[in-house]
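One letter stands for each residue in the lines below.
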Amino acid sequence: MKRLVKSLMNALRQVWRSLRTLSGDDAYERYFQHQRCTHSSLPALSRKAYFRNAQQSRWDKINRCC
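Residues numbered from 1 in each chain as written. Predicted model: local features only at pLDDT ≥ 70, side-chain atom pairs only at ≥ 80, totals over all residues. Heavy atoms only, no water.

## As for the overall build of the chain
Then comes step 1: Each helix and strand in the chain was counted, giving 3 helices and 0 strands.
Then comes step 2: In the chain, the order of α-helices and β-strands from amino to carboxyl end is α-α-α.
Then comes step 3: Compactness check: the chain gives a C-alpha radius of gyration of 18 Å against a globular reference of 11 Å for 66 residues, more than 25% above the reference.
Then comes step 4: If one aligns the C-alpha atoms of the chain with their principal axes, the spans along those axes are about 55 × 40 × 20 Å.
Then comes step 5: Burial status across the chain gives 12% buried among its 66 residues.
Then comes step 6: Approximately 6200 Å² of the chain is accessible, and the part contributed by carbon and sulfur atoms is 61%.
Then comes step 7: Mean positive and mean negative side-chain charge positions of the chain (14 and 4 charges, respectively) differ by 7 Å. (Helix = DSSP H or I, 4+ residues; strand = E, 2+ residues; numbered from the N terminus. Rg over C-alpha atoms; globule rule 2.2 N^0.38 Å. Buried < 20%, exposed > 50% of the residue type's maximum accessible area, 1.4 Å probe, protein only. Areas by Shrake-Rupley, 256 points an atom, 1.4 Å probe, with all protein chains shown as cover. Lys, Arg positive; Asp, Glu negative; His and termini not counted. Charge placed at Lys NZ, Arg CZ, Asp CG, Glu CD.)

Structure (structure tokens):
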């Protein structure tokens, strides 16, 4: 029974991680991990600054066909 509960909890965690990735909810964590591994000499943005930059880049460009 304990094994079944552990297996179910692992499956639920995996589903939760997948949902966060699909929705973009884990974007800052992925950015931070990338920053730490690839650009360790540069300081990482704070969570607030990261989302501000992401929103700005999303809305600053023209989003229409003509």
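## Focus on the packing of helix 2 (residues 27-38) against helix 3 (residues 47-60)
Then comes step 1: Look at helix 2 against helix 3: their axes get within 10 Å of each other, and the N-to-C directions meet at 110°. It follows from the interaxial angle that helix 2 and helix 3 lie roughly perpendicular. The residues of helix 3 that touch helix 2, namely those facing Ala27, Tyr28, Glu29 and Tyr31, are Arg47, Tyr50 and Phe51. (Axes fitted to C-alpha atoms, helices over the stretch in contact; angles between N-to-C directions. Parallel < 35°, antiparallel > 145°, perpendicular 65-115°, else oblique. Contact = heavy atoms within 4.5 Å.)

## Description of the pattern of salt bridges
Then comes step 1: Throughout the structure, instances matching the rule amount to 4 salt bridges.
Then comes step 2: Note that Arg47 is salt-bridged to Glu29, the shortest N-O span being 3.4 Å. Remark: Glu29 occurs in helix 2 and Arg47 occurs in helix 3; sequence separation between them is 18 residues.
Then comes step 3: In the salt-bridge network here, residues are joined through shared partners; they are Arg20, Asp25, Glu29 and Arg47. (Salt bridge = Lys/Arg side-chain N within 4 Å of Asp/Glu carboxyl O.)

## With respect to a nonpolar patch on the surface
Then comes step 1: Taken together, the side chains of Met1, Leu4, Val5, Leu8, Met9 and Leu12 present a nonpolar region at the surface, about 650 Å² in accessible area.
Then comes step 2: Counting through the fold element by element, Val5 comes out in helix 1 (residues 2-23). (Patch = residues over 30% accessible without salt bridge, like charges linked within 9 Å, V, L, I, M, F, W, Y side chains within 5 Å.)

## Overview of the side chain of Asp26
Then comes step 1: With respect to the element layout, Asp26 can be found in the loop between helix 1 and helix 2.
Then comes step 2: Residues within four places of Asp26 in sequence aside, it is in contact with Arg20 and Thr21.

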